[in-house]
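# Residue-level structural notes
Residue-level listing of the chains:
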Amino acid sequence: QKRTLKNIDQLIKTIEKSPMRLVFEACEGSHDVDVPSPPTLPMLQALFMKGSTIASATKEVGDTHHRKAKKCFNAIIDLAAESQSHNMNAKARLALASFLFKWESDSEQVIRESHKLLRWIVSCRVASDDVRDQANQLLKQTSPEKRRKEVESVLRAMNQVEGYDYGASWSDHWYECPNGHPYFIGECGGAMEQSRCVECGETVGGQSHRLHSGNRTAQGFFGSILGRR
């Protein structure tokens, strides 16, 4: 992947340095040389390859590849909007939405942002049928109703392990880290040890039935399923 990214970066530099750009530099920036902007479509295609390659290298939320992939896809969207390259804009929005759903699907804000990206694609009449169909399918797969049912079934299943029904009420086992990522505590549901959030690395759990600072009972989307408001 490093070699692939290096080749793509070289391609981007080649696109940026058109023949007239080389003449301009050779003439030490003479105003007599008219330098056109880099060709938009080849640049968008190269940036899309770069974003897709970086996205495939992501290992966890917040790592370097995760941040760079989002930045690259957003840059494509901005450039495509500026140049009115609607089909490429739709492709970048679909790629970004899919990427966000893969890595940050537990965030209500991310879900809203992703649905906004997808609805733009569906409403874009010049986007290809294939891209619009994929956007429609992803919207259906990630609808609040479908997501709620899936999460609720998982939460209920986790309340019983090998025939043993955990003590206390169903909702008393679910908490979230300072960044809002949910986690589960078995047995009586009280915090007796500390660990790290698998999403962001923050301290989770606690000691002597007392949560570590910043931790709290599950709120938001998970809290609504658990019957909290």
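The residue numbering used here restarts from 1 in each chain and proceeds along that chain's sequence as written. Whole-chain, interface and lining totals are the exception, using all residues; otherwise, since this is a predicted model, local features are given only for residues with pLDDT of at least 70 and side-chain atom pairs are given and counted only at 80 or more. Calculation of side-chain values draws on the structure's entire complement of heavy atoms; hydrogens and water are dropped beforehand.

### Considerations on the environment of G62
As for its placement among the helices and strands, G62 is situated in the loop between helix 3 (40–56) and helix 4 (64–82). G62 sits 138 residues away from C200 along the chain, and the two C-alpha atoms are 7.3 Å apart. Numbering goes from the N terminus for both helices and strands, where a helix is a DSSP run of H or I of at least four residues and a strand is a run of E of at least two.

### Overview of the sheet that holds strand 7 (residues 210–211)
On the basis of which strands lie adjacent, the open sheet formed by three strands has the order 5-6-7 and antiparallel pairing. In this open sheet, the two edge strands, each paired with only one partner strand, are strand 5 (194–196) and strand 7. Any two strands with at least two DSSP-identified bridges between them are counted as paired. Sheet analysis places strand 6 (residues 203–207) next to strand 7, joined by two bridges and oriented antiparallel. Bridge assignment links Q207 to a residue of strand 7, and that residue is R210.

### Overview of helix 4
Helix length check: helix 4, at 19 residues, gives a terminal C-alpha distance of 27 Å against a target of 27 Å (1.5 Å per residue), a fit within 8%. Every residue pair with non-hydrogen atoms within 4.5 Å of one another is taken to be in contact. Looking at the buried side of helix 4, the elements it contacts are helix 3, helix 5 (86–104) and helix 6 (108–123). Whenever a nitrogen or oxygen atom comes within 3.5 Å of another N or O atom, the pair is scored as a polar contact, on the condition that within protein one atom can donate a hydrogen and the other can accept it, and that pairs from neighbouring residues in sequence are kept only if both atoms are in side chains. Its side-chain oxygen placed 3.2 Å from the backbone nitrogen of H65, D63 serves as the N-cap of helix 4. Any helix carries an expected span of 1.5 Å times its number of residues minus one.

### Comments concerning the sheet that holds strand 3 (residues 174–176)
Reading across the sheet, the three strands line up as 4-3-8 and stay open at both edges, with antiparallel pairing between neighbours. The sheet terminates laterally at strand 4 (182–184) and strand 8 (216–217), the two strands that pair on one side only.

### A closer look at the packing of aromatic side chains
A pair of aromatic rings is counted whenever rings of Phe, Tyr or Trp (Trp by its six-membered ring) have centres within 6.5 Å, and the orientation is called stacked for planes under 30 degrees apart, edge-to-face for over 60 and tilted otherwise. Following the criterion strictly, the structure yields four aromatic pairs and no others. Counting every residue linked through ring pairs, the aromatic cluster contains F48, F73 and F99. Between K91 and the ring centre of F48, over which it is positioned, the NZ or CZ distance is 4.9 Å. Geometrically, a lysine NZ or arginine CZ counts as sitting over a ring once it is within 6 Å of the ring centre and also within 35 degrees of the ring normal.

### Topic: the packing of helix 3 against helix 5
Two numbers describe a pair of packed helices, the interaxial angle and the distance between the axes. Relative to each other, helix 3 and helix 5 sit at 10°, their axes nearing to 11 Å. What the angle tells us is that helix 3 and helix 5 run roughly parallel. Side by side, helix 3 and helix 5 meet where L44, Q45, F48 and A55 of the first sit next to M88, K91, A92, A95 and F99 of the second. Fitted lines through C-alpha atoms give the axes, limited to the stretch in contact for helices. The angle between two N-to-C directions lies from 0 to 180 degrees. Any angle from 65 to 115 degrees is called roughly perpendicular, while one under 35 is roughly parallel, one over 145 is roughly antiparallel, and all others are oblique.

### Topic: the layout of surface pockets
Its volume calculated, the largest pocket comes out at about 330 Å³. Taken together, 20 residues line the largest pocket, and the ones lying closest to its centre are Y183, F184, I185, E193 and G205. For the lining of the largest pocket, the class distribution of residues is ten nonpolar, seven polar and three charged. For each structure, a 1 Å grid was placed over the protein atoms alone; sets of points admitting a 1.4 Å probe that cannot get out are labelled cavities, open sets with protein on both sides within 12 Å along at least five of seven lines are labelled pockets, and lining residues have an atom within 4 Å of a point. Grid points are joined across faces, edges and corners, and a volume is the space filled by probe spheres set on the points. Under the convention adopted here, Pro, Cys and the residues Ala, Val, Leu, Ile, Met, Phe, Trp and Tyr are nonpolar, Asp, Glu, Lys and Arg are charged, and Gly plus all remaining residues are polar.

### Remarks on the nonpolar core
For soluble globular proteins, the rule of thumb is that nonpolar side chains tend to be buried together. We define a nonpolar core as any set of buried Ala, Val, Leu, Ile, Met, Phe, Trp, Tyr and Cys residues linked to one another through side-chain atoms lying within 4.5 Å. Exposed residues in this analysis have more than 50% of their type's maximum accessible area, buried residues have under 20%, and partly exposed residues fall in between, with area computed by a 1.4 Å probe over protein chains only. One finds F73, I76, L94, L118 and I121 to be the most contacted residues of the largest nonpolar core, which totals 39 residues. Contributing elements (two or more residues each) for this core: helix 1 (2–16), helix 3, helix 4, helix 5, helix 6 and helix 7 (129–141). Looking at this core, the element that brings in the most residues is helix 5, giving eleven residues. I121 has contacts with A90, R93, L94, A127, V131, R132 and A135, leaving out every residue within four places of it along the chain.

### Some remarks on the pattern of salt bridges
Salt bridge criterion: a side-chain nitrogen from Lys or Arg within 4 Å of a carboxyl oxygen from Asp or Glu. What the rule picks out here adds up to three salt bridges. Note that D9 and K50 form a salt bridge whose closest N and O atoms lie 3.1 Å from each other. Of this pair, D9 sits in helix 1 while K50 sits in helix 3, and the two are 41 residues apart along the sequence. In this structure, E176 engages R216 in a salt bridge whose closest nitrogen and oxygen atoms are separated by 2.7 Å.

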